[in-house]
Amino acid sequence: MLEYPEWLRIPLAEWVDAVMDWILANLGGVFDWIGDVGLQVLLAVEHALLFVPWFVLVIAVGALAWRLIGKWTFGLGMAVMLLLVGVFGYWVEAMTTLSVVIVSVAIAVGIGIPAGILMAWSNPVKRVLTPILDAMQTMPSFVYLIPALMLFGLGRVPATFATLIYAIPPVIRLTDVGIREVPGDTIEAAKAFGANRWNLLFDVQLPLARPSIMVGINQTTMMALAMVVIGSMIGNRGLGMEVLLAINRVQIGKGFEAGLAIVFLAIVIDRITNAFAKGRPAKVTDAGEKTTLKG
Amino acid sequence: MSRETEAGEDRLESDIATADARASGGDVAVQVEGLWKIFGRNADRVFNSDLRQLSKTELQAKTGNIVALRDVSFEVKSGELFVLMGLSGSGKSTLIRTLIRLIEPTAGTVRIDGADVLSMPPRDLLEFRRHSISMVFQNYGLLPHHTVLQNAAYGLKLRGDDKDSREERARATLETVGLSGWEEYSPAALSGGMQQRVGLARALATDPDILLMDEPFSGLDPLIRRQLQDEFIDLQDQIGKTIVFVTHDLHEALKLGDRIAIMRDGEIVQVAEPEEILSNPHDDYVRAFTQDAPVARVYSASTVMEDPDVLLYRWQGPRAAHTELARAKHDWAFMVDKKHRYLGICTHDLVDGLIEKKVKSIDENDLDRPEPVSPDVLIEDLFGLVSAESYPLPVTDDQGRLLGVIRPRAVLEALHTPEEEGSDA
């Protein structure tokens, strides 16, 4: 009597299954095509990363970090970390992982920024998207693997799809926040001079929201990297696969090495995207100094 | 802008003269009739019912709607500087925004140069904002990621001028507001007063028929504010734009306005020339405003400033200084350098001491140096300073040049004869 009654249940699981069956039966061809194109893109990016000699990439990352932060020690640190990934023997795996991260982040940004703009422009859109984004972020990441697996089979394409779903919320949210936080008087002034919706977007809202959007891209990238490791469970090669194999074979040392390689890759990616997010504050300071000289 | 330092009274007179000339022959540039703005839900329904007859507080208590503008009508003549003045919440900022529909009014008509602004379709409204009218904001509203030049050119960019011509025009406008050489700086590197010059340059660059200014100088500190007001008066003498100017500062309204509209609770209480407002306030509300403006609050240091009796120059030696002081029978005198910059006060004792020690020149660090004041400081603020000083107050301009001195006696006289000053005006 006190047990939960059978009649007060809804068979959501069956419905979801039914929807997935329907999609597979009717749209299977579309997903096959998307899968093929996706695979070509992923392979092309991986080949490009592997085509570049390892030392060129190490030096390039070091130089980029140096330029962005302005301290050569920082650049050297980044180069050494990337080098260590190779020292552990995971260069190729790291590039595979990186290719999935790059492609999924590129798609996430391509979809996420416009979605964030729509969300900032329209309160109804925000009301609809907010709970969806909440769900996407609280859902255990493994759950995304199942539909990805069904739609695209095994391999790096479903891993990229799952990564995309998992990693896209921050860039959407922070684009929305960034645009909504643009000061009202700046918007008003631009309007007073005859700015239309697109002038406002490109001249005022996006430039002023840029720091926030860049933080969103940074977070999306980090989440993508975390998910790529989980994606190894559906056959995504790369660093995650090495960790997974090490766990299965109880090779603690090997797992530690692969794990460290992931950490180093994460730190390099985080610091560099973070430096992009902060931008170069030098310009204002320079002008400020000149001002005191002149005035 | 020139840096004239003529006395405030002269300026006031010449202003009124030009204002009269303009007001007599001018066409109507801005015509507002029966303008209403009700904020809140169902504003139209409130407007179309008897509810609109309720007072502001009654309506707010009853429906939550706020009447920001209530049946406002006025005309601004071409070339006139029309001031909207009131306390915060009186509706003046709402009113100026409805003129270009940054806020959509609930009812009424706005005609600018004959065009019915409120019935313009969106495309026409954009063109109207791009070509016919400009606005200057209290918080500047500059684009922080653009340079000063790009900011000044922004209105021109929006209306589609090509890069070369808009930059050329923006450069010229920046020059008229005194910002040559700052084109490539970020606005963040500029002081508030300079940022507002950029805002003004941006507004003038499109060569609009009408300029809207929403408390443009209110955010600035008093000295900068008065300097910009003075320069703005000179500029307006040259360009003669039609200007709607919002302020909460009576002093500013009296100084700049050809005519002043005083607003309260969304209504215009009185529209009149400055003299008329002061001498013939329409009701107690206006009177309360004007009583707030005794001579000491309206007139500045420059009106009581006098020339110094003796002036010593830095390059004169101690002996020459001694002779000068002895001739004028003074114990001390102000000293300036070659550029007439104020250095300090040179006393007889100091000069005698130097002559005794056979020193050939006067070191400016040995001088007493009472803090100088700006010519724009209000007389009321001088009161504490002059009574505390044993010497008269030196008055300097922003370059540090000595313009004159203020003797305690002059300040006291100004404070004690408000009635006579009032009837004079």
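Asks: Sorry, what's going on with the environment of Phe-128 of chain B here?
Replies: Residues and elements named next belong to chain B. Along the chain, the position of Phe-128 falls in helix H5 (residues 122–131). With a relative accessible area of 7%, Phe-128 lands in the buried category. As a C-alpha pair, Phe-128 and Pro-208 span 80 residues in sequence and 9.8 Å in three-dimensional space.

Asks: Looking at this structure, how should I read unusual backbone geometry?
Replies: Across the chain, the bulk of peptide bonds are trans and the bulk of non-glycine residues have phi less than zero. Residue and element names in this part refer to chain B. Unusually for a residue other than glycine, Tyr-140 sits at a positive phi of about 70°. Of note, Tyr-140 is situated in the loop between strand E6 (133–136) and helix H6 (148–152). Judged by its relative accessible area of 15%, Tyr-140 falls in the buried class. For Asp-207, which is not glycine, the phi dihedral falls at a positive 45°. By the element assignment, Asp-207 lies in the loop between helix H9 (192–205) and strand E7 (210–214).

Asks: Quick question: what am I supposed to make of the interface of chain B and chain A here?
Replies: By convention, interface size is frequently given as the accessible area that disappears when the constituent parts associate. With 28 residues of chain B at the interface, the matching set in chain A holds 23 residues. Between chain B and chain A lies a buried interface of about 2200 Å² when both sides are counted; carbon and sulfur atoms form 65% of it. Contact with chain A buries area across many residues of chain B, yet His-145, Tyr-154 and Tyr-185 of chain B alone supply 21% of it, more than any other trio. In this structure, the connection of chain B to chain A is made through 2 salt bridges. Here chain B and chain A share 8 residue pairs in polar contact (both at pLDDT 80 or more) between them. Elements with a contribution of two residues or more to the side of chain B that touches chain A: H5, E6, helix H7 (154–158) and H9 of chain B. Taken together, the residues of the side of chain B that touches chain A break down into 15 nonpolar, 8 polar and 5 charged.

Asks: I keep staring at the pairing of strand E12 (residues 332–336) of chain B and nothing clicks. Help me out?
Replies: Residues and elements named next belong to chain B. Most of E12 sits inside the fold, with 4 of its 5 residues counted as buried. Both strand E11 (residues 311–313) and E12 contribute to a ladder of 3 bridges, which runs parallel. If you follow Leu-312 over to E12, its bridge partner there is Met-335. Of the crossover connections in this fold, the one passing from E11 over helix H16 (residues 318–328) to the parallel E12 is right-handed. As paired strands, E12 and strand E13 (residues 342–347) are joined by 5 bridges and run antiparallel to one another. Residue pairing for E13: Ala-333 is matched across the bridge by Cys-346. Where E12 hands over to E13, the hairpin turn is made up of 5 residues, of which His-340 adopts a positive phi near 70°.

Asks: How should the environment of Ile-224 of chain B be read in this particular structure?
Replies: Residue and element names in this part refer to chain B. Assignment of secondary structure puts Ile-224 in helix H10 (residues 222–239). For Ile-224, a relative accessible area of 30% translates into the label partly exposed. Separated by 32 residues in sequence, Ile-224 and Gly-192 have C-alpha atoms that sit 8.8 Å apart.

Asks: What exactly am I supposed to notice about the pattern of salt bridges here?
Replies: Two side chains of opposite charge can pair, provided their charged atoms sit close to one another. Tallying each qualifying case throughout the model produces 25 salt bridges over all chains. Note that Arg-197 of chain B and Glu-231 of chain B form a salt bridge whose closest N and O atoms lie 2.9 Å from each other. Here Glu-231 of chain B lies in helix H10 and Arg-197 of chain B lies in helix H9, a separation of 34 residues in the sequence. When its relative accessible area of 4% is taken as the criterion, Glu-231 of chain B is described as buried. Its salt-bridge partner being Lys-255 of chain B, residue Asp-230 of chain B comes within 2.9 Å of it at the nearest N-O pair. Of this pair, Asp-230 of chain B sits in helix H10 while Lys-255 of chain B sits in helix H11 (residues 250–256), placing them 25 residues apart in sequence. We note that Asp-230 of chain B, like Lys-255 of chain B, is buried. Taken together, the shared-partner salt bridges connect Lys-126, Asp-176 and Arg-180 of chain A into one network.

Asks: I would appreciate a short explanation of the confidence of the model for chain A in the present structure.
Replies: Here chain A shows a mean pLDDT of 87. Residues at 70 or above account for 94%. Counting interchain partners and residues more than four positions distant, the pLDDT-below-50 stretch residues 281–295 of chain A has 13 contacts.

Asks: What am I meant to see in the sheet that holds strand E3 (residues 81–86) of chain B here?
Replies: What links the strands of a sheet is backbone hydrogen bonding, and the strands pair in either a parallel or an antiparallel sense. Residue and element names in this part refer to chain B. What the 6 strands build is an open sheet, ordered E6-E7-E8-E3-E9-E10; its pairing is mixed. Every interior strand has two partners, whereas the edge strands, E6 and strand E10 (267–272), have only one. Strand-to-strand twist across the sheet, computed as the mean angle between neighbouring axes with direction ignored, equals 20°. Of the strand pairs in this sheet, E3 and strand E9 (residues 259–264) are connected by 5 bridges, and their pairing is parallel. Paired with Met-85 across the bridge in E9 is Ile-262.

Asks: How should the sheet that holds E11 of chain B be read in this particular structure?
Replies: All names here are of chain B. Across the sheet, 3 strands lie side by side as E11-E12-E13; this open sheet has mixed pairing. Strands with a single pairing partner mark the edges of an open sheet, and in this sheet they are E11 and E13. Each strand axis lies, on average, 35° off the axis of its neighbour in the sheet, ignoring direction. The strands touched by H16 within the sheet are E11, E12 and E13, with E11 carrying the most contacts at an inclination of about 175°.

Asks: How should I be thinking about the packing of aromatic side chains in this particular structure?
Replies: We describe a pair of aromatic rings using the distance from one ring centre to the other and the angle between the two ring planes. Counted under the stated rule, the structure contains 16 aromatic pairs over all chains. Between Phe-232 of chain B and Phe-245 of chain B the ring centres are 6.2 Å apart and the planes differ by 40°, which places this aromatic pair in the tilted class. Remark: Phe-245 of chain B occurs in strand E8 (residues 242–247) and Phe-232 of chain B occurs in helix H10; sequence separation between them is 13 residues. As far as burial versus exposure is concerned, Phe-232 of chain B and Phe-245 of chain B are alike and both buried. Put simply, the rings of Phe-31, Phe-152 and Phe-161 of chain A touch in pairs and so form one group of aromatic residues. Here the guanidinium or amino end of Arg-52 of chain B rests over the ring plane of Trp-36 of chain B, the centre of that ring lying 5.3 Å away.

Parameters at a glance
Along each chain, numbering runs from 1 in the same order as the chain's sequence is written. Chains carry letters from A onward and ligands carry numbers from 1 onward, assigned in written order. It should be noted that, the model being predicted, local features are given only for residues of pLDDT at least 70 and side-chain atom pairs only at 80 or more, the latter also being counted only at that level, while totals for whole chains, interfaces and linings use all residues. Think of the side-chain values as coming from all heavy atoms in the structure, minus any hydrogens and water. For the purposes of this entry, the term helix denotes a DSSP run of H or I that reaches at least four residues, the term strand denotes a run of E that reaches at least two, and both are numbered from the N terminus. Residue burial is assigned from relative accessible area. The probe radius is 1.4 Å, only protein chains are included, and a residue is buried under 20% of its type maximum, exposed over 50%, and partly exposed in between. What makes two residues a contact is simply this: any of their non-hydrogen atoms within 4.5 Å. Put simply, buried area is the surface a 1.4 Å probe can reach on two separate parts but cannot reach once they are joined, added for both. Criterion for a salt bridge: a side-chain nitrogen of Lys or Arg within 4 Å of a carboxyl oxygen of Asp or Glu. In the analysis that follows, any N or O atom pair within 3.5 Å is treated as a polar contact, provided that within protein one partner can donate a hydrogen and the other can accept it, and provided that, for residues neighboring in sequence, both atoms belong to side chains. For this classification, Asp, Glu, Lys and Arg are treated as charged, while Ala, Val, Leu, Ile, Met, Phe, Trp, Tyr, Cys and Pro are nonpolar and the rest, including Gly, are polar. Strand pairing is defined by DSSP finding a minimum of two bridges between the two strands. Note on handedness: a clockwise path from strand one over the helix to strand two, with the strands aimed away from the viewer, defines a right-handed crossover. Residue-level confidence of the predictor is what pLDDT reports, using numbers from 0 through 100. Lines fitted to C-alpha atoms define the axes here, with helix axes fitted over just the stretch in contact, and angles between the N-to-C directions of these axes take values from 0 to 180 degrees. Centres within 6.5 Å make a pair out of two Phe, Tyr or Trp rings, where for Trp the six-membered ring is used; the pair is then stacked when the planes are under 30 degrees apart, edge-to-face when over 60, and tilted otherwise. A ring is considered to have a charge above it if a Lys NZ or an Arg CZ atom is located within 6 Å of its centre and within 35 degrees of its normal.

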